[in-house]
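If you want the building blocks of each chain, they are given just below.
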Amino acid sequence: MLLPTTLVGSYPQPEWLIDRKRLAGRFPPRVRALELWRIPEPYLAEAQDDATIMAIKAQEDAGLDIISDGEIRRESYSNRFATALEGIDLDNPGSALDRSGHPNPVPRVVGNIRRRHAVGVRDLEFLRRHTRRRVKVTVPGPFTMAQQAQIDHYGGSRELAAMDYAAALNGEIRDLFNAGADVVQIDEPYMQARPEEARTFGLAALNRALENVVGTTAVHICFGYAAIIHVRPSGYSFLPELAQCRCAQVSIETAQSSLDCAVLEQLRDKKIILGVIDLSDPTVESAEVVANRIRRALPFVDPKNLLIAPDCGMKYLPREAAFGKLQAMVAGAQMVRAQLASGKG
């Protein structure tokens with residue numbers, strides 16, 4: 001199938017589950033933020049399961065081909081995994097600058113980073129039970145986790161920390177594929193935010209996380225949530241380097257930034273997850289607008305190597321807007337698919 005559709009990862013959580021205003025009014029939490037949940041702890045897991053089923057059904061009803069769990073159980077894309085590791089002092093968080101330059105509470109690394117147990121396998125198994133479509137799971141990347149931490153161990157070396165984060169993540173990815181994941185996506189937004197460090201050791205850490213992994217893997221790199229980071233550069237500061245990554249797919253944003261897709265020629269050996277939905281505006285795009293955003297990539301990417309997605313951070317949209325945008329995305333992909341099938345692409 002040409003141009004399969006998918007989420008980047010997140011989908012809006014219901015207002016009855018999480019305080020969406022408080023969530024949107026702060027930078028994404030790096031440590032646990034249990035105060036954001038509206039449901040008392042004894043009932044929280046059951047409520048999260050129910051909301052996850054709603055997110056799965058919304059994706060299916062919109063017509064998506066590859067389904068995620070919407071990251072419904074997470075306060076942010078990274079903290080659920082990053083705070084489950086050995087070597088972290090959860091009771092005494094550290095501080096690190098976020099990508100906007102402001103200090104943020106973060107995990108404090110006080111010992112060797114190790115994975116105690118599988119973190120996301122139960123969530124994947126729940127997802128598999130509730131859809132017959134292909135499924136994708138997202139995990140935070142080792143470079144990003146090392147940037148979102150205060151490193152009081154390893155002599156303060158983020159590089160050494162990143163390599164142990166990568167080893168922990170490697171075990172998690174293997175377990176996810178063994179449990180039935182079709183795609184595992186690694187989220188590495190800080191490679192865009194801090195490209196010089198990413199060139200120094202980020203790619204090595206990423207490849208360590210993917211070492212000897214069997215299964216379809218993707219790496220997501222982005223400009224930050226549209227709800228929080230409002231100014232978009234015209235191009236990526238770290239992207240062609242991913243040609244040397246062991247991943248099969250690279251996930252990028254093009255909608256809000258109006259990205260010049262010519263850069264994708266440098267990733268000819270990768271499949272591209274193309275972000276074509278603008279999340280800075282809740283207004284639902286027309287299918288034709290979406291189709292035109294897809295067409296911008298066609299001179300530079302073989303259609304067989306394109307997947308279609310929103311830009312990242314859909315969780316901050318109103319649920320009605322998010323669903324409408326997914327419907328428009330599916331319709332736009334269908335328009336281009338039909339155009340290509342007719343030989344007019």
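Visitor: Can you walk me through the overall build of the chain in this structure?
Guide: Broken down by element type, the chain carries 10 helices and 10 strands. Radius of gyration (C-alpha) of the chain: 19 Å, near the 20 Å computed for a compact globule of 345 residues. If one aligns the C-alpha atoms of the chain with their principal axes, the spans along those axes are about 60 × 45 × 40 Å. About 13,500 Å² of surface is accessible on the chain, with carbon and sulfur atoms providing 49% of the total. A distance of 3 Å separates the average location of the 42 positive side-chain charges in the chain from that of its 42 negative side-chain charges.

Visitor: In this structure, what is going on with the packing of aromatic side chains? I would like to understand it.
Guide: How two aromatic rings sit relative to each other is given by the distance of their centres and the angle of their planes. Tallied over the entire structure, the rule returns 1 aromatic pair. Ring geometry for Phe143 against Phe201: centres 5.3 Å apart, planes inclined by 50°, an arrangement best described as tilted. Of this pair, Phe143 sits in helix H5 (residues 142-147) while Phe201 sits in helix H8 (residues 195-209), placing them 58 residues apart in sequence. Summarising the burial analysis for this pair, Phe143 and Phe201 share the class buried.

Visitor: Where do I start with the environment of Gln147 in this structure?
Guide: With respect to the element layout, Gln147 can be found in helix H5. When the C-alpha atoms of Gln147 and Met191 are compared, they prove to be 9.6 Å apart, with 44 residues separating the residues in sequence. Setting aside residues up to four positions removed in sequence, Gln147 forms contacts with Ala96, Arg158, Tyr190, Arg194, Glu197 and Phe201. In terms of polar contacts, Gln147 uses its side chain to reach the side chain of Arg194, at 2.8 Å.

Visitor: Explain helix H6 (residues 158-178) here, please?
Guide: Residues three or four positions apart in an α-helix share a direction because the helix packs 3.6 residues into each turn. Look at H6: 30 Å from first C-alpha to last across 21 residues, which is about the 30 Å you get at 1.5 Å a residue. The residue sitting at the N-terminus of H6 and contributing the capping side-chain oxygen is Ser157; that oxygen lies 3.3 Å from the backbone nitrogen of Glu159. Positive backbone phi, at 115°, marks Gly180, one or two positions downstream of H6.

Visitor: Explain the sheet that holds strand E10 (residues 306-309) to me, please; I cannot follow it from the model alone.
Guide: One key point about sheets: their strands pair by backbone hydrogen bonds, in either a parallel or an antiparallel sense. As summarised here, the arrangement of the 7 strands in space is E1-E4-E6-E7-E8-E9-E10, forming an open sheet in which the pairing is parallel. What marks the edges here is a single partner per strand, and that holds for strand E1 (66-67) and E10.

Visitor: Explain the nonpolar core here, please?
Guide: Counting 104 residues, the largest nonpolar core has Tyr165, Leu239, Leu242, Ile252, Leu264, Ile272 and Leu274 as the members making the most contacts within it. Tallying contributions element by element places H6 first for this core, with 9 residues. Leaving out residues up to four positions away in the same chain, Leu264 has contacts with Leu239, Ile252, Ile272, Leu274, Ala297, Phe300 and Val301.

Visitor: It is not clear to me how the side chain of Thr131 should be interpreted in this structure. Could you clarify?
Guide: Relative to the helices and strands, Thr131 is located in the loop between helix H4 (121-129) and strand E4 (134-140). Assessed through its relative accessible area of 7%, Thr131 is described here as buried. A distance of 2.5 Å separates a polar atom in the side chain of Thr131 from a polar atom in the side chain of Glu60. Engagement of the side chain of Thr131 in a polar contact is seen with the backbone nitrogen of Arg133, the distance being 3.2 Å.

Visitor: Quick question: what am I supposed to make of the sheet that holds strand E5 (residues 150-151) here?
Guide: Pairing is mixed in the open sheet, where 3 strands are placed in the order E2-E3-E5. On the outer flanks of this sheet lie strand E2 (85-97) and E5, each paired with one strand and no other. The pairing of E2 with strand E3 (residues 103-115) spans 8 bridges and is classified as antiparallel. Considered in E3, the bridge of Ser95 is made with Pro105. Running over the sheet, H6 touches E2, E3 and E5 and is turned about 70° from E3.

Visitor: Is there a simple way to think about unusual backbone geometry in this case?
Guide: Glycine aside, residues mostly have negative phi, and peptide bonds are mostly found in the trans state. Despite not being glycine, Glu71 has its phi angle at roughly 55°, a positive value. Position of Glu71 among the secondary structure elements: in the loop between E1 and helix H3 (79-82). Phi is positive for Tyr154, close to 60°, though the residue is something other than glycine. Position of Tyr154 relative to the elements: it lies in the loop between E5 and H6.

Visitor: Honestly, helix H10 (residues 319-341) in this entry has me stumped. Any pointers?
Guide: Between its terminal C-alpha atoms H10 stretches 33 Å, which fits the 33 Å expected from 23 residues at 1.5 Å a residue. Backbone geometry just downstream of H10 places Gly343 in the positive-phi region, at approximately 85°.

Visitor: How should the pairing of strand E7 (residues 216-220) be read in this particular structure?
Guide: Look at any regular strand and the pattern is simple: side chains alternate between the two faces of the sheet. Most of E7 is tucked away, with 4 of its 5 residues classed as buried. In this structure, strand E6 (residues 183-187) lies alongside E7, joined through 5 bridges in parallel fashion. Residue pairing in the sheet places Gln185 in a bridge with Ala218 of E7. By the bridge criterion, 3 bridges tie E7 to strand E8 (residues 249-253) in an arrangement that is parallel. Each residue of the ladder has a partner; that of His220, found in E8, is Ser251.

Thresholds, definitions, all that
Residues numbered from 1 in each chain as written. Predicted model: local features only at pLDDT ≥ 70, side-chain atom pairs only at ≥ 80, totals over all residues. Heavy atoms only, no water. Helix = DSSP H or I, 4+ residues; strand = E, 2+ residues; numbered from the N terminus. Rg over C-alpha atoms; globule rule 2.2 N^0.38 Å. Areas by Shrake-Rupley, 256 points an atom, 1.4 Å probe, with all protein chains shown as cover. Lys, Arg positive; Asp, Glu negative; His and termini not counted. Charge placed at Lys NZ, Arg CZ, Asp CG, Glu CD. Phe/Tyr/Trp six-rings, centres within 6.5 Å; stacked < 30°, edge-to-face > 60°. Buried < 20%, exposed > 50% of the residue type's maximum accessible area, 1.4 Å probe, protein only. Contact = heavy atoms within 4.5 Å. Polar contact = N/O pair within 3.5 Å; in protein donor to acceptor, adjacent residues only side chain to side chain. Expected span 1.5 Å × (residues − 1). Pairing = 2+ DSSP bridges. Core = buried A, V, L, I, M, F, W, Y, C linked by side-chain atoms within 4.5 Å. Axes fitted to C-alpha atoms, helices over the stretch in contact; angles between N-to-C directions.

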